[in-house]
Amino acid sequence: MKKVKLAPEHKFSLSTYLWGAITGIISGILAAEVQYGWVVGLLLYLVTDRFVLAITKELPPDVLDNRAVLKKAFWGWAMFWLYFVILTYTLIIHFTPQCYSNQSLLYQLVKSGNATITCNMTG
């Protein structure tokens, strides 16, 4: 079997996404338990450079030094962090949508049997 060698740019991106997913799951779990639990994930962003450098031994050519890692990794980390915070939080609290009107699209889908979710009707 041929061993795949990743370029430093790809290792950098994948490790950034992995750290975003890990911190997102941690934030989602804490946010379901504590009001400001998501702040912990934001604080974990500050150690992104240490995590990335632990996984990738060499930096991409466009990242000049260790301090530039946080700036370069921000958007990749932020998108994965946000996605996994929302996903984890929603799964933990057992979210069910609210139908505020019997004319809404969600209510019509649930009523017709085309949706596999339940809808709490309010009002």
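Residues numbered from 1 in each chain as written. Predicted model: local features only at pLDDT ≥ 70, side-chain atom pairs only at ≥ 80, totals over all residues. Heavy atoms only, no water.

**Things to note about the state of the cysteines**
So, step 1. One pass over the full model with this rule turns up one disulfide.
So, step 2. Paired by a disulfide, Cys99 and Cys119 hold their sulfur atoms 1.5 Å apart. In this structure the cystine formed by Cys99 and Cys119 twists about its S-S bond by roughly 130 degrees; its chirality is therefore right-handed. With a gap of 20 residues between them, Cys99 in strand E1 (residues 98-99) and Cys119 in the loop between helix H5 (105-112) and strand E2 (120-121) connect regions that are remote in the sequence. No difference in accessibility class separates Cys99 from Cys119, as the two residues are buried. (Disulfide = S-S within 2.5 Å. Helix = DSSP H or I, 4+ residues; strand = E, 2+ residues; numbered from the N terminus. Buried < 20%, exposed > 50% of the residue type's maximum accessible area, 1.4 Å probe, protein only.)

**A few points about unusual backbone geometry**
Glycine aside, negative phi is the norm for most residues, and most peptide bonds take the trans geometry.
So, step 1. Phi at His94 takes a positive value of approximately 55 degrees, unusual for a residue other than glycine.
So, step 2. When you line up the elements, His94 lands in the loop between helix H4 (68-93) and E1.

**Considering the side chain of Thr23**
So, step 1. By the secondary structure assignment, Thr23 is in helix H1 (residues 8-33).
So, step 2. Thr23 gets classed as buried once you look at its relative accessible area, which sits at 0%.
So, step 3. Here Gly20 takes part through its backbone oxygen, which lies 3.2 Å from a polar atom of the side chain of Thr23.
So, step 4. Side chain to side chain, Thr23 and Trp77 meet in a polar contact 3.0 Å long.
So, step 5. Residues in contact with Thr23, not counting those within four places in the same chain, are Gly41, Leu44, Trp77 and Trp81. (Polar contact = N/O pair within 3.5 Å; in protein donor to acceptor, adjacent residues only side chain to side chain. Contact = heavy atoms within 4.5 Å.)

**Side note on the packing of aromatic side chains**
So, step 1. Summed over the entire model, instances satisfying the criterion amount to eight aromatic pairs.
So, step 2. Summarising the aromatic geometry, the rings of Tyr45 and Phe74 are spaced 5.5 Å apart at their centres and angled 85 degrees between planes, so their arrangement reads as edge-to-face. Here Phe74 lies in helix H4 and Tyr45 lies in the loop between helix H2 (38-44) and helix H3 (48-55), a separation of 29 residues in the sequence.
So, step 3. The exposure class of Tyr45 is buried, given its relative accessible area of 13%.
So, step 4. Within the aromatic cluster, the residues linked to one another by ring pairs are Tyr45, Phe74, Trp75, Trp77 and Trp81. (Phe/Tyr/Trp six-rings, centres within 6.5 Å; stacked < 30°, edge-to-face > 60°.)

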